[in-house]
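Fold and geometry: a report
Each chain is listed here by its residues.
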Amino acid sequence: MLKIGGVELRSRLILGTGGASNLDILERAVKESGSELVTVSLRRVDAAATMNGGLLDMLDRCGVRVLPNTAGCYTAREAVKVAHLAREAFETPWVKLEVIGDERTLLPDGVELLRAAEELVADGFQVLPYTTDDPILARRLADAGCAGVMPAGSPIGSGLGVANPHHIQLIRQSVDLPVILDAGIGTASDAALAMELGCDAVMVASAITRAADPVSMAAAIRHAIEAGRLASRAGRIPRRFHALASTPDEGRPHL
Amino acid sequence: MKVVVNGNPRALPEGATVADVVRVVTSVARGVAVAVNGEVVPRAGWAGAALRDGDQVEVLTAAQGG
């Protein structure tokens with residue numbers, strides 16, 4: 001079973017709530033996804049009420065654990081403050097730490113991220129950093145005491161899938177922590193690939209919430225993660241340059 | 001006294017506290033966190049945290065996000 005910060009999770013799908021057109025569809029997608037860990041952001045109450053009054057009540061009904069994020073933060077200082085506010089609001093020491101480097105790519109700023117992670121670990125948080133696919137930075141985050149690492153497959157919301165599968169495998173080998181592929185998933189096969197590469201879980205938001213049919217996509221990605229996990233453990237055959245007959249030559253009729 | 005709550009100026013009676021501001025801007029206290037001038041005010045301290053003229057107050061809660 002997946003274990004993050006001492007908590008066991010049956011589902012290996014972490015669901016992001018951003019991008020859903022309404023709460024009713026989101027609720028059905030959460031239930032269909034089987035996810036037990038769902039991200040939320042922290043925003044001003046007036047803005048949050050127009051977006052999604054009742055989000056926390058809905059997540060309670062689904063029986064899921066809330067994972068607050070620090071989305072929108074560009075500096076360690078800001079992210080650390082948001083994490084502390086989220087701990088106050090949601091009474092959880094868990095945080096999906098995001099420190100963004102630029103608006104166009106929304107890719108992480110590794111320097112600020114590591115700084116924020118070190119500070120939050122010292123403050124008693126279970127830190128899950130949204131990081132790049134750099135294996136060295138992942139190791140530095142692990143050394144800093146993070147509860148897991150969340151490398152980006154490709155930019156948030158891009159649907160480009162796992163851009164650098166080799167680096168994701170290197171991250172898997174270089175840290176002894178849960179590796180959660182985060183960002184860039186476009187459809188079920190991307191999630192299956194992430195799991196086949198050895199990831200422990202996959203975080204998905206837009207691919208589900210912005211799909212034409214979010215509830216069906218939630219089911220598809222749930223199955224893909226299970227399939228990818230099974231395939232990863234089953235051990236794939238090595239890639240070969242030339243064919244290797246699956247039917248024996250022996251006993252072939254001479255006609 | 002005048003304070004700024006979530007970016008909007010508000011006039012409050014002298015002696016108003018963080019707890020008073022939270023009651024003004026939202027009907028639910030669950031899932032809410034407050035910062036005054038960028039510093040977190042723990043929930044247990046809301047009622048005792050008197051605001052001063054010019055304070056910047058952020059009252060935050062859960063919104064959709066990935």
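Residue indices begin from 1 for each chain and proceed along its sequence in written order. Chain A is the first chain written and ligand 1 is the first ligand written, with later ones labelled in order. Two thresholds apply to this predicted model, a pLDDT of at least 70 for residue-level local features and 80 or more for giving and counting side-chain atom pairs, whereas whole-chain, interface and lining totals are computed over all residues. Think of the side-chain values as coming from all heavy atoms in the structure, minus any hydrogens and water.

Taking an unreviewed UniProt entry as the reference, chain B is identified by name as Sulfur carrier protein ThiS belonging to Phytohabitans maris.

Where an unreviewed UniProt entry is consulted, chain A appears under the name Thiazole synthase, with the organism given as Phytohabitans maris. Per UniProt, the comment on chain A under Sequence similarities (unreviewed entry) is "Belongs to the ThiG family." UniProt positions are given in the numbering used here, feature names are shortened, and annotations may be inferred rather than shown by experiment. The Pathway (unreviewed entry) field of the UniProt record for chain A holds the comment "Cofactor biosynthesis; thiamine diphosphate biosynthesis."

On to the UniProt feature "active site" (unreviewed entry) in chain A. UniProt tags Lys96(A) as "active site" (unreviewed entry). Only DSSP runs of H or I covering at least 4 residues are called helices, and only runs of E covering at least 2 are called strands; the numbering of each starts at the N terminus. Mapped onto the elements, Lys96(A) comes out in strand S6 (residues 94–97). Here Lys96(A) is in contact with Thr39(A), Leu67(A), Pro68(A), Asn69(A), Thr70(A), Leu128(A), Tyr130(A), Met150(A), Asp182(A), Met203(A) and Gly66(B), once residues within four sequence places are set aside. Contacts are assigned to residue pairs that have any heavy atoms within 4.5 Å of one another.

Moving on, we get to the nonpolar core. Grouped burial of nonpolar side chains is what soluble globular proteins tend to show. Working definition of a nonpolar core: buried Ala, Val, Leu, Ile, Met, Phe, Trp, Tyr and Cys residues. They are joined through side-chain atoms within 4.5 Å. Under the scheme applied here, a residue whose accessible area is under 20% of the maximum for its type counts as buried, over 50% as exposed, and between as partly exposed, the area being computed with a 1.4 Å probe on protein chains only. Core analysis: the largest hydrophobic core is formed by 71 residues, its most contacted members being Leu59(A), Phe90(A), Leu97(A), Val202(A), Ile208(A) and Ile221(A). Here this core takes nine residues from helix H4 (residues 76–90) of chain A, the largest share from any one element. Other than its neighbours up to four places away in sequence, Leu97(A) contacts Thr70(A), Ala79(A), Leu113(A), Ala116(A), Ala117(A), Leu120(A), Val127(A), Leu128(A), Pro129(A) and Tyr130(A). In terms of nonpolar packing, the next biggest core, distinct from the first, is built from 19 residues, Val3(B), Leu12(B), Val18(B) and Val22(B) among them.

Here the focus is the environment of Leu37(A). All names here are of chain A. One can find Leu-37 in strand S4 (residues 37–44). Given the relative accessible area of 1%, Leu-37 is considered buried. Separated by 27 residues in the primary sequence, Leu-37 and Val-64 have C-alpha atoms spaced 5.6 Å apart. With sequence-adjacent residues up to four places away left out, Leu-37 is seen in contact with Ile-4, Leu-9, Leu-13, Ile-14, Leu-15, Arg-65, Val-66, Leu-67 and Trp-94.

In this section: helix H1 (residues 23–33) of chain A. Here H1(A) has its buried residues at Leu26(A), Glu27(A), Ala29(A), Val30(A) and Ser33(A). Down the axis of H1(A), the sector holding all buried residues measures 165 degrees, keeping them to one side. Where H1(A) is buried, its residues touch strand S3 (13–16), S4, helix H3 (55–62), helix H9 (206–209) and helix H10 (214–234) of chain A together with strand S5 (56–64) of chain B. Polar contacts here mean pairs of N or O atoms no more than 3.5 Å apart (in protein, one a potential hydrogen donor and the other a potential acceptor; neighbouring residues in sequence count only if both atoms are side-chain atoms). The N-capping residue of H1(A), defined by a side-chain oxygen 3.0 Å from the backbone nitrogen of Asp24(A), is Asn22(A). Each direction from the helix axis to a C-beta atom contributes to the arc, which is the arc of those directions.

Here the focus is the confidence of the model for chain B. Residues and elements named next belong to chain B. For chain B, the mean per-residue pLDDT works out to 93, and 100% of the residues sit at or above 70. Ranking the elements of chain B by mean pLDDT puts helix H1 (residues 18–25) last, at 93, and strand S3 (residues 33–36) first, at 97. On the interface metric, ipTM, the complex scores 0.93, and its pTM is 0.92. Predictor confidence is given residue by residue as pLDDT, running from a minimum of 0 to a maximum of 100.

Before going further, it helps to spend a moment on the pattern of salt bridges. Residues and elements named next belong to chain A. Only one rule defines a salt bridge in this text: a Lys or Arg side-chain nitrogen within 4 Å of an Asp or Glu carboxyl oxygen. Enumeration according to the criterion identifies 15 salt bridges over all chains in this entry. Its salt-bridge partner being Arg-28, residue Asp-24 comes within 3.7 Å of it at the nearest N-O pair. A residue pair is termed a helical-turn pair when its members lie 3 or 4 positions apart in one helix, as Asp-24 and Arg-28 do in helix H1 at four residues. Residue classification places Asp-24 among the partly exposed residues on the basis of a relative accessible area of 47%. Looking at Arg-28, the relative accessible area reads 45%, which means it is partly exposed. Arg-222 is the salt-bridge partner of Glu-32, the closest N and O atoms lying 3.0 Å from each other. With Glu-32 in helix H1 and Arg-222 in helix H10, this pair connects stretches of sequence that are 190 residues apart. The network of salt bridges with shared partners includes Glu-27, Lys-31 and Arg-61.

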